[in-house]
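So the chains spell out like this:
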Amino acid sequence: MAELESVIEKKLIEQLVMGESQWAYRPDLNNEEKLWANFRYILEQNNKDKLDDKGLTDAEFAQVKNQVSHASFYDAGKWLSGENGRVYVHVQRGNVQLHLLVVNHEQIAGGKSVYEVINQYQAFKNPDEDMSRDRRFDVSLLINGLPMIHIELKNKAHSYMDGFRQIKKYIGEGKFQGIFSNVQMFVVSNSVDTRYFAAARDTELNSKFLTGWLDKENNPVGDYLEFAKAVLKIPEAHEMVSKYTVLDNDKQRLLLLRPYQVHAIEEMRRASKKGVSGYIWHTTGSGKTMTSYKATRNLLMDIPSIDKTIFLIDRKDLDDQTSMAFQSYAENDTIDVQDTDNVGDLLRKLANGNREMLVTTRQKMQIVVKRLENQQDTPRYKKIKGLRIAFVVDECHRAVSPETKRDLERFFHNSLWYGFTGTPIFEDNMRAAKGDLPRTTKQLYGECLHSYTIKEAIHDEAVLGFMVENLGPKDVPPEQAEAVYSSISHKYEVLKTILNKSYTKFGMANGRGKTYEALLTVSSIAEAQAYYDLLKKVAAGVDEKLKVSEDMRKALPDFPKFAITYSLSENEDGSKVNQDKMKESLADYNAMFGTHYGIDNIQAYNGNLNDRLARKESRYKTRDQQLDLVIVVDRLLTGFDAPCMSTLFIDRPPLSPQDLIQAFSRTNRLFDKNKTFGQIVTFQSPVEFKKAIDDAIKLYSRGGDGNPLAEDWGAVYKDLVIAIKAIHEMGRTPDDIKALSREQKKAFVKQFRALDKSFSHLKAFSQYDDRILNELNFSEEEYENYAAVYNNVMEELKPDKTDDEPDSEPIDDGYELVAFSKLRIDYDYIMELLRGMVAAIEETEEEFRKKLAEVREIIQAFAEDNPRLSELLLKIVDEVEADKTRFAGKDIAAIISQMREEAVDREIKKYADKWYIPFDDVKYEAYHYKDGEMANANMVKEAADFTAYKAENPEAMKFEFHDDLIEDFHKTLMPEISQLLGD
């Protein structure tokens with residue numbers, strides 16, 4: 001029999017208070033009143049001097065409670081970040097304001113810090129809410145009386161996801177309010193698999209961001225007791241909610257570092273204390289910006305001997321991106337993050353005597369050193385040259401060359417250097433010899449302090465794996481390669497693949513505004529310009545050889561929206577041509593998006609293009625502000641973060657191993673549930689490219705064979721063949737699956753998920769065609785039939801709360817099917833457009849009409865799936881158009897919600913009046929109708945007034961009456977209102 005949750009809870013508490021741990025078990029603190037009293041006592045004890053040994057009055061403590069109760073976890077995080085690591089509440093006592101210390105994050109595991117563990121806390125229901133219920137929390141960890149870490153435990157008969165869903169439910173019910181609003185970290189476990197995540201609103205929680213712990217060698221730590229030893233003991237637990245917590249001011253959310261980020265920062269701290277430099281190898285896409293921010297910040301906080309920490313980067317556009325990210329993280333931090341506008345600004349900040357973080361470019365730093373070399377007798381020269389500086393270098397090989405690093409080190413002779421890279425240079429791919437300059441990362445920076453490879457990141461689901469297609473003509477003789485690959489016929493083949501064989505790659509089924517984007521990289525500016533000109537003809541519909549397919553146009557009528565970017569100094573010989581061509585493409589961009597960029601502000605264009613591709617700002621989340629494809633040479637292939645980018649098309653010869661991995665890693669950021677791979681398509685030298693890719697993956701996955709990291713057509717096709725055969729053996733029809741035993745149905749669930757995964761992957765390949773399914777004795781219709789059965793089986797297999805099923809492995813129901821190919825436009829997207837339409841009322845008439853037309857078009861497409869709700873939405877659009885001033889500044893979502901409810905109520909009343917049933921009884925059944933089943937059909941029958949009905953229908957028979965009203969409920973009422981009830 002599975003171990004009882006109470007036993008698991010007891011063992012966890014024993015582990016927390018064991019040995020040298022500083023957690024004290026407090027079983028008496030089991031409700032809100034006691035928790036507040038305990039917090040009050042600790043606050044008074046820690047501030048006796050400020051209170052003159054006089055306890056807080058009830059009125060004074062009411063002031064404290066108000067400051068400690070937060071509207072959101074993010075607000076709590078801002079408060080808990082404190083002032084120089086100290087968190088205060090402020091109490092007015094007479095004419096004096098008292099500043100009382102709550103927590104001192106600089107006194108971890110000492111000083112006035114108090115650590116307590118509680119369990120079975122009673123969170124009572126809200127009497128003002130009908131659906132509210134009493135709840136009991138499993139285990140909570142208190143720091144100075146404040147709950148900062150909360151743990152929900154399940155036994156082995158359940159998934160840890162049950163704990164996640166439970167927390168999400170409790171947050172939605174408002175249980176984490178008051179003193180519990182200070183929770184910063186949640187932990188869920190079924191004893192063998194343990195995950196943690198940052199506190200957030202229930203609507204913001206995403207199961208994709210649950211994180212498992214890894215030890216320093218990146219081995220998983222799943223057992224809950226081992227997790228407690230590694231993460232929840234003191235000082236680790238306190239550091240987790242202070243030093244390893246980040247507040248993202250832009251997104252207004254709390255972030256917790258992943259284990260490999262924590263280990264990297266700890267190793268940098270150890271190295272700096274010894275005066276040793278080194279590098280961090282964290283694969284691209286694994287969150288290096290956040291790691292480097294915390295590492296740079298913590299070095300300044302933890303190592304008093306360091307005067308300044310300087311984050312060095314390259315290229316102005318990435319300077320903006322990185323410094324903006326740093327500023328967002330540092331908004332509520334104790335360390336000032338200063339970016340440098342110009343060289344003079346950098347000089348002033350180096351000489352100001354403040355301990356601070358600086359974000360600047362390698363180019364500015366080089367100029368500073370050159371200027372100072374002419375001022376050797378000045379106090380400023382001596383002051384800056386003597387600074388003890390820790391340089392942290394992002395993309396350390398691109399940002400700082402060996403020559404530059406040597407020059408800077410010679411000037412800043414008291415400096416430490418820490419390089420971050422996703423693609424270290426090893427002896428296998430070392431740089432060409434250049435005097436005695438370093439040729440590998442180790443030679444340049446020192447030992448690798450911590451590594452987290454691409455293989456480990458994909459395994460941990462910190463980034464996605466890759467799907468690779470090597471297309472293009474084979475066996476092209478070297479002497480003919482340039483002619484073949486630069487030909488117009490080759491370009492047509494490339495564009496045919498991009499425009500008409502990449503429906504899944506662009507995420508067309510996601511709906512407008514939620515599609516993905518891609519890069520096309522080529523070998524020269526001239527090639528990029530040639531592609532741009534050809535693509536313009538095809539997009540305009542004037543090219544006779546290539547048209548955009550109907551499927552692509554149906555999904556996105558304005559597809560493809562594209563742009564081009566390259567450095568105007570990349571090819572000096574053709575700079576005049578390049579500038580003229582860039583002027584043309586800028587004019588196209590300006591016409592597309594209403595911008596006003598020219599050659600004179602090309603950097604601003606590049607910055608806008610970066611932001612538009614990244615889509616991190618809300619204004620770029622609507623289709624009218626998005627791009628599908630950007631043509632590049634080398635720009636954006638390193639250091640650029642756009643999670644919605646799914647595909648890299650490569651029409652150039654194979655790159656070096658480090659450049660390949662860097663370029664690939666633009667595509668494999670986590671984004672939404674439908675993006676499951678970073679997708680790579682090459683169009684030249686397929687045999688050579690395959691070898692180059694295999695070699696690169698092996699090199700950057702510590703000698704792994706590469707198979708788990710990159711899938712190709714043959715492997716996925718084979719997997720699908722096996723999955724279809726296995727499913728067919730289980731049953732060819734829904735009835736066959738229904739007849740299976742419970743354990744066999746569990747096997748069906750696992751097997752169908754394997755089929756779903758392989759099928760969705762196969763459809764993402766350019767060479768996929770529906771006719772391939774005939775070879776496999778399979779079809780889309782058959783898939784959908786199995787999917788319908790799968791959904792029913794999942795409902796059947798939900799654990800019975802009264803049955804522990806000790807001998808059976810639970811089914812994780814967090815999996816979502818991904819192989820459906822039907823284009824779906826969802827309600828949330830339409831609501832986003834409607835809000836944009838209402839917001840445009842305040843803008844120009846032209847902008848308002850543009851938004852109005854876009855909304856109408858989308859709602860008409862939505863009508864294919866939900867005609868009833870579409871009818872209602874079009875009605876509101878008509879009303880806005882007829883009298884837009886009436887809707888200005890209004891919450892359109894609330895108005896539509898009310899209209900939906902009124903429409904549903906009308907249909908319910910019609911049915912209730914027809915069958916003489918109380919309105920509220922029918923409404924309850926309608927809102928609790930699920931999977932074609934009523935919640936309580938007998939209750940509806942009993943509530944119906946047959947006598948009144950018979951008075952109007954003399955020939956009615958009672959037994960027929962009951963059958964007819966139930967049938968009418970299923971066949972008339974629910975079909976009429978179900979579309980209005982759902983999204």
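The preceding data block contains the structure.
Given the structure is predicted, the values throughout are model-derived calculations rather than measurements.

Colleague: Give me the lowdown on the packing of aromatic side chains, citing residues and values where you can.
Modeller: The description of an aromatic ring pair uses the distance of the two centres, along with the angle that the planes make with each other. Evaluation of the coordinates by the stated rule reveals 51 aromatic pairs. Both rings, one in tryptophan 713 and one in phenylalanine 765, keep their centres 5.6 Å apart while their planes meet at 85 degrees; by these two values the pair is edge-to-face. Here tryptophan 713, found in helix H27 (residues 713-730), pairs with phenylalanine 765, found in the loop between helix H29 (742-763) and helix H30 (772-775); they are 52 residues apart in sequence, far enough to count as distant. Accessibility classification places tryptophan 713 together with phenylalanine 765 in one group, the buried group. Arranged with centres 5.7 Å apart and planes meeting at 55 degrees, the rings of tyrosine 929 and phenylalanine 969 form a pair that is tilted.

Colleague: Describe the sheet that holds strand E20 (residues 465-470), and please don't skip the residues or the numbers.
Modeller: Pairing within the open sheet is parallel, and its 7 strands lie in the order E22-E23-E21-E24-E25-E20-E26. At either margin of the open sheet sits one strand with a lone partner, and together these are strand E22 (562-565) and strand E26 (710-711). The pairing of E22 with strand E23 (residues 629-632) spans 4 bridges and is parallel. Following the sheet pairing, isoleucine 564 is matched in E23 by isoleucine 631.

Colleague: Residues and numbers for the environment of phenylalanine 848, please.
Modeller: Its place among the elements puts phenylalanine 848 in helix H33 (residues 845-862). Separated by 51 residues in sequence, phenylalanine 848 and leucine 797 have C-alpha atoms that sit 50 Å apart. Setting aside its immediate chain neighbours within four residues, phenylalanine 848 contacts Met837, Ala840, Ile841, Val880 and Lys884.

Colleague: Residues and numbers for helix H6 (residues 160-172), please.
Modeller: Note that an α-helix has 3.6 residues per turn; residues three or four places apart therefore point the same way. Counted at 1.5 Å a residue, the expected span for H6 with its 13 residues is 18 Å, and the 19 Å between its end C-alpha atoms agrees. Along H6, the residues classified as buried are Tyr160, Met161, Gly163, Phe164, Gln166, Ile167, Tyr170 and Ile171. Where H6 is buried, its residues contact helix H5 (73-81), strand E5 (135-143), strand E6 (146-153), strand E7 (185-189) and strand E8 (194-198). N-capping of H6 is provided by serine 159, with a side-chain oxygen placed 2.9 Å from the backbone N of methionine 161. The positive-phi residue at the C-terminal boundary of H6 is glycine 174, with phi of around 80 degrees.

Calculation criteria
- Residues numbered from 1 in each chain as written.
- Predicted model: local features only at pLDDT ≥ 70, side-chain atom pairs only at ≥ 80, totals over all residues.
- Heavy atoms only, no water.
- Phe/Tyr/Trp six-rings, centres within 6.5 Å; stacked < 30°, edge-to-face > 60°.
- Helix = DSSP H or I, 4+ residues; strand = E, 2+ residues; numbered from the N terminus.
- Buried < 20%, exposed > 50% of the residue type's maximum accessible area, 1.4 Å probe, protein only.
- Pairing = 2+ DSSP bridges.
- Contact = heavy atoms within 4.5 Å.
- Expected span 1.5 Å × (residues − 1).
- Polar contact = N/O pair within 3.5 Å; in protein donor to acceptor, adjacent residues only side chain to side chain.

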